[in-house]
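Letter by letter, the chains look like this.
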Amino acid sequence: MIDEPLYPIAVLIDELKNEDIQLRLNSIRRLSTIARALGEERTRKELIPFLSENNDDDDEVLLAMAEELGVFIPYVGGVEYANVLLPPLETLCTVEETCVRDKAVESLCRIGAQMREQDLVESFIPLVKRLAAGEWFTARVSSCGLFHIAYPSAPEALKTELRAIYSQLCQDDMPMVRRSAATNLGKFAATVEAPHLKVDIMSMFDDLTQYDQDSVRLLAVEGCAALGKLLEPQDCVAHILPVMVNFSQDKSWRVRYMVANQLFELCEAVGPEPTRLDLVPAYVRLLRDNEAEVRIAAAGKVTKFCRILNPELAIQHILPCVKELSTDSSQYVRSALASVIMGMAPALGKDATIDQLLPIFLSLLKDEFPDVRLNIISKLDQVNQVIGIDLLSQSLLPAIVELAEDRHWRVRLAIIEYIPLLASQLGVGFFDDKLGALCMQWLKDKVYSIRDAAANNVKRLAEEFGPDWAMQHIVPQVLDMINNPHYLYRMTILHAISLLASVMGSDVTCSKLLPVVINASKDRVPNIKFNVAKVLQSLIPIVDQSVLEKTIRPCLVELSEDPDVDVRFFASQALQSIDHVIMSS
Amino acid sequence: MSGGDEVVAAPVGPPQPLDWKFSQVFGERTAGEEVQEVDIISAIEFDKTGDHLATGDRGGRVVLFERTDTKDPGLSRRDLERMDYPISRHPEFRYKTEFQSHEPEFDYLKSLEIEEKINKIRWCQTANGALFLLSTNDKTIKFWKVQEKKVKKISDMNLDPSKTVGNGCIASSSNSSCPKPCLANGGSSDRSCNYFGNDFSFPPGGLPSLRLPVVTSQETSLVARCRRVYAHAHDYHINSISNNSDGETFISADDLRINLWNLEISNQSFNIVDVKPANMEDLTEVITSAEFHPTHCNMLAYSSSKGSIRLIDLRRSALCDSHSKLFEEPEAPGSRSFFTEIIASISDIKFAKDGRYILSRDYMTIKLWDINMDSGPFATFQVHEYLRPKLCDLYENDSIFDKFECCLSGDGLRVATGSYSNLFRVFGCAPGSTEATTLEASKNPIRRQVQTPSRPSRSLSSITRVVRRGAETPGVDANGNSLDFTTKLLHLAWHPAENSIACAAANSLYMYYA
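A brief look at the structure comes next. As the structure is a prediction and not an experimental result, all values here were calculated from the model.

Rules and cut-offs
Residues numbered from 1 in each chain as written. Chains lettered and ligands numbered in written order. Predicted model: local features only at pLDDT ≥ 70, side-chain atom pairs only at ≥ 80, totals over all residues. Heavy atoms only, no water. Helix = DSSP H or I, 4+ residues; strand = E, 2+ residues; numbered from the N terminus. Buried < 20%, exposed > 50% of the residue type's maximum accessible area, 1.4 Å probe, protein only. Contact = heavy atoms within 4.5 Å. Areas by Shrake-Rupley, 256 points an atom, 1.4 Å probe, with all protein chains shown as cover. Disulfide = S-S within 2.5 Å. Axes fitted to C-alpha atoms, helices over the stretch in contact; angles between N-to-C directions. Parallel < 35°, antiparallel > 145°, perpendicular 65-115°, else oblique. Left-handed = near helix turned anticlockwise from the far one by under 90°. Nonpolar A, V, L, I, M, F, W, Y, C, P; charged D, E, K, R; others polar. Expected span 1.5 Å × (residues − 1). Pairing = 2+ DSSP bridges. Salt bridge = Lys/Arg side-chain N within 4 Å of Asp/Glu carboxyl O. Polar contact = N/O pair within 3.5 Å; in protein donor to acceptor, adjacent residues only side chain to side chain.

Okay, the overall build of chain B next. Assigned secondary structure in chain B consists of seven helices and 33 strands. By residue count, 51% of the 514 residues in chain B fall in the buried class. Taking contacts inside chain B between residues at least 6 apart in sequence as the whole, the part at least 24 apart equals 57%. Summed over all atoms, the accessible surface of chain B reaches about 24,300 Å², with 51% contributed by carbon and sulfur.

Note on terminology: disulfide describes a covalent bond linking the sulfur atoms of two cysteines. Per the counting criterion, the structure on display carries zero disulfides over all chains. Here C510 of chain A is not cross-linked by a disulfide; its sulfur's nearest cysteine counterpart is in C555 of chain A, at 14 Å. Between C429 of chain B, a cysteine without a disulfide, and C407 of chain B, which holds the nearest cysteine sulfur, the sulfur-to-sulfur distance is 11 Å.

Residues and elements named next belong to chain A. It is at 10 Å that the axes of helix α8 (residues 117–132) and helix α11 (residues 156–170) come closest, and there the two elements cross at 25°. Between α8 and α11, the angle is such that the two are roughly parallel. As for the relative orientation of α8 and α11, their crossing is left-handed in sense. Residues V121, I125, K129 and A132 of α8 lie in contact with α11, whose contacting residues are L158, E161, L162, I165 and L169. When the residues that make up the contact of α8 with α11 are grouped by side-chain class, the tally is seven nonpolar, no polar and two charged.

To continue, consider α11 of chain A. End to end, α11 of chain A covers 21 Å across 15 residues, agreeing with the expected 21 Å (1.5 Å per residue, within 8%). Listing the buried residues of α11 of chain A in full gives L158, K159, L162, R163, I165, Y166, S167, L169 and C170 of chain A.

Residues and elements named next belong to chain B. The four strands lie next to each other as β26-β27-β28-β29, forming an open sheet whose pairing is antiparallel. Whereas interior strands pair on both sides, the edge strands pair on one side only; in this sheet they are β26 (406–408) and β29 (436–440). Direction aside, the axes of adjacent strands within the sheet are offset by 20° on average. Bridge count for strand β28 (residues 423–428) against β29 is five bridges, and the pairing is antiparallel.

Applying the stated criterion to the full structure yields 59 salt bridges over all chains. D58 of chain A is the salt-bridge partner of R24 of chain A, the closest N and O atoms lying 3.0 Å from each other. Of this pair, R24 of chain A sits in helix α2 (residues 21–29) while D58 of chain A sits in the loop between α4 (40–53) and α5 (59–69), placing them 34 residues apart in sequence. Between E273 of chain A and R276 of chain A there is a salt bridge whose closest N-O contact spans 2.7 Å. Note that E273 of chain A and R276 of chain A are positioned in helix α17 (residues 272–287) at a spacing of three residues, about one turn of the helix. Among the charged side chains, a network of salt bridges with common partners joins D59, E96 and E97 of chain A together with K145, R227 and R228 of chain B.

Think of a sheet as strands paired side by side through backbone hydrogen bonds, with each pair either parallel or antiparallel. Residue and element names in this part refer to chain B. Strand order in the open sheet made by the four strands is β18-β19-β20-β21, with antiparallel pairing throughout. Here the strands that pair on one side only, and so sit at the sheet edges, are β18 (287–292) and β21 (325–327). The average angle at which neighbouring strand axes cross in this sheet is 20°, direction not considered. Pairing geometry for strand β19 (residues 299–304) and strand β20 (residues 309–313), over five bridges, is antiparallel. Counterpart to A301 in the pairing with β20 is L311.

The subject of this paragraph is the environment of S289 of chain B. All names here are of chain B. Here S289 is to be found in strand β18. Each C-alpha atom of the pair S289 and L314 lies 17 Å from the other, and the pair is 25 residues apart in sequence. Contact partners of S289, with chain neighbours within four places excluded, come to N239, S240, A301, Y302, S303, S347, D348 and I349. Side-chain polar atoms of S289 contact the backbone nitrogen of I349, separated by 3.4 Å.

In the case of a regular strand, side chains alternate between the two sheet surfaces. All names here are of chain B. Counting buried residues along strand β32 (residues 500–505), six of its six residues qualify, which places the element largely inside the surrounding structure. Burial along β32 is two-sided: the residues S500, A502 and A504 and I501, C503 and A505 are all buried. With three bridges connecting them, strand β31 (residues 492–494) and β32 associate as antiparallel partners. Each bridged residue has a counterpart across the sheet, and for W494 the counterpart in β32 is I501. Between β31 and β32, which pair antiparallel one after the other, the connecting turn spans five residues. Bridge analysis of β32 against strand β33 (residues 508–513) gives six bridges, and the strand direction is antiparallel. Along β33, the bridge assignment pairs S500 with Y513. Where β32 hands over to β33, the hairpin turn is made up of two residues, of which A506 adopts a positive phi near 55°.

Residues and elements named next belong to chain B. With respect to the element layout, D370 can be found in strand β24 (residues 365–370). In this structure the side chain of D370 is engaged in a polar contact, spanning 2.7 Å, whose partner is the side chain of R356. Among the polar contacts made by the side chain of D370, one reaches the main-chain amide nitrogen of N372 at a distance of 2.9 Å. Contacts of D370, omitting those with residues within four sequence positions, involve F327, R356, Y357 and F378.

Attention shifts here to the packing of helix α33 (residues 526–539) of chain A against helix α34 (residues 545–559) of chain A. Residue and element names in this part refer to chain A. Contact geometry for α33 and α34: axes closest at 11 Å, N-to-C directions at 145°. In this structure, α33 meets α34 at a crossing whose hand is left-handed. Every residue of α34 that contacts α33 at K529, V532, A533 and L536 is listed here: I552, C555, L556 and L559. Within the contact of α33 with α34, the residues separate by chemical class into seven nonpolar, no polar and one charged.

A word on unusual backbone geometry. The general pattern is negative phi for most residues beyond glycine and trans for most peptide bonds. Residues and elements named next belong to chain B. Its identity is not glycine, yet S421 carries a phi of approximately 55°, on the positive side. Within the secondary structure layout, S421 lies in the loop between β27 (414–418) and β28. S421 gets classed as buried once you look at its relative accessible area, which sits at 4%. The backbone of A506 shows a phi angle near 55°, a positive value even though the residue is not glycine. Along the polypeptide, A506 turns up in the loop between β32 and β33.

Written as structure tokens, this is what we have:
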């Protein structure tokens, strides 16, 4: 029998095979503890083989195991024994659940990166070769992600073989394997020597780009940018650029969509001249694509693209498209544009922004679709840096007011979130005139989430403009509303008060806020009363001890004798915290 | 028929009509036995290799069968195929396993009962020796993995298993004897492990008294596990699911929409076809069936209740509301009647293996379409023309809305579909073939068959369009026996590589070979 102090660890070990998956998971997550209890040698000789056989468990357990084994080198006795970890991970590389395989590959990479060169050649590379020749596609899929670890330490002959194997994987029967080869090509290419890169890797790349299956081709697009960065600019222009330009006119919108997302990355690799000659026209085509999804992707990259180009090119070629997109028939295109267009301002400079971009901002601010307007408003600080807010402010106000009164509460919620940002950009004067009333109005919204957000907003405004301003522009209005006939609105005000108290400081709290709260404790609705108790509890750290004893405690004592059980409960909770504070002081 | 003598010369003439023989029956009814509603088979599907067969029933169960005759120790299948004589053996299957795929449910939001009946089964890519399939009822698609699992018998535990059930038990049971460490362990598993946190030092050689559990038994059992559930994406009843050749995606179609899924992502799908009109009163046409092209991952076809088939290209746009090709038969002038539209509704479509042809089944015919020819069907076969005068009765008892499936042989030379009285028909569709066989789903498939030579009414001698009519009246009806509309053979499947058909008659699965 096991000694008593070993009980927990013994249980942990036994539960590696428990019926209950939660217990097995728990044990697997504590694998390092088990390993330390067994010692390095027994971990190598018993625990690891045991895990290798434990390969038909549930996915969650396998996933946890794959993750744990990735950091297991210290527990098997250090780097010189790292190869004992390979067999269980090799099995996990073959399971059919993708997330388990991915994790196993990740862990193998992590271990491989630490292994000694000789061990890599003796055990890691053979593992990669076994997986690449696996009977089931799952093993071959996994192998693709390991080449970049195996390749650098391989002797010359083996390197040639590995390249040949990868080329085979690029032509595998199974589209899943080709996809994995396409996805990992960039990583592998980064480890391959320049001469082979130009020949072997480029021919694999060409194979992948010519597949009939969209899903393979669109992953090859991702490889374009990665490969482009590895090649010399002239090679990139010669090999990658034509492929990318071709892809930008591919029959499949999904491929064009990928190009729209990746194109700007290639610009850096090919240099300014080819960019101007080939990539800008390609990008312009994508901005005018027939398929809305492609235009969405292209529109979303407008700012990144413009930053790479010089301003004249951007103004000459991109800006006209942006103008078209701002009136696109798809609201999602306009929305994608609106979320990035403000960032173009710095790239174009002040004059172009005022002449050309500003009208677009203004038309997007009037868009019928609220998301578009919101996206513009959310990035207001960027345009402020370039042209100042004055030019926009007149158009801004109607847009904000309209959003503030939108019939969808999620839209109202979104605009509330931006009010502090707007306040900081627009300044106190503008805010007082136009937006102050709105902020109060939201406190009386029909939807709880809006009232809740409005209360938070009031607090953030007080932080932004300072207690003195708040004392004048917020506190009186908020306190006024405590007399609202509906108890739910009164509750919002209580919530706002507790939030404001922390910003306003002790004096204002005691003189202005506290009396209102105390008064509310006589409300006829129990919900208000126990919320009073909660608010009072939250005020404890803010006010000083005399107020605590003279005002808050008597009120709470009264509430703790209330007929309602909830009121009594929260009152006694609050009283306990008072006692706690007084005891510790 | 000189071409029949030599295999090499086969292309010269049409293939000989097949001589169908009974092979097996599963779930045969004894005389007078009542069929339980839940046992009625509602889906049949062979996997890609033909080594497995799955059936689904109205009770939400999926039953798997596996082939028994392929495991030849000496010869590989390829060797056998190379031999000059035909293989004498025909596919034989045995029961493999079954599992409950769907349960009856109730949608509380819509006050709607969702029955458990399996509408369709589709096999997915095999991996690691495990079988994968998709099954669907009206609303929910499920992804199943069926695998041999070792039955674990654990021995050599550290603790007496009778005393310990979980972490919680230990703490409490050992409290009395050893209060100190156990108090530190509390009762929860988390804390018991924290006790051995990083600051605890184990002796460098480990603790020799600890043992790993030993798993003994090597017995295996088949286990079906539901891996993913694709739910809440269909407002209407799902009529089809179909895997894509890219191995990554599949579609599901209901009356008005087709959704595209990634097999690995169950919480989102993309709507690719939506035929729902803004105003439901303008609805004139619904989707009845949809299938991916067998090799081109971007193409799919769907059929409609108006008798048309649309081919769409996923590459063209994200929303494929406009088709790239439309196949429909021009209406013959003057033939219109009350039933025209009802019987034109296509109940099933299937791509041929090469993807060039599409087979469709409407109430009275099966039609073969060449996807390169959208002027009309390449061939039409009458399934039960003798019912035409009875359409009125069939309408009255709702039989006219029965949804018959159709299938093609692996070589694309023949097609088959079901009819009433548990009959099914096999037609040769190779140019010049006159094959039109009627078989009955029973142990003696040709019992009721009348050997009336079929008269091919060839409108053109060229291969472009051949209209043939099969044996028009089965003997039973000619003899005055009334047709049995309750015994209908809706579901059948052709083995992908051999001439073998599996078909469902109520709760029984009949297999035939030729």
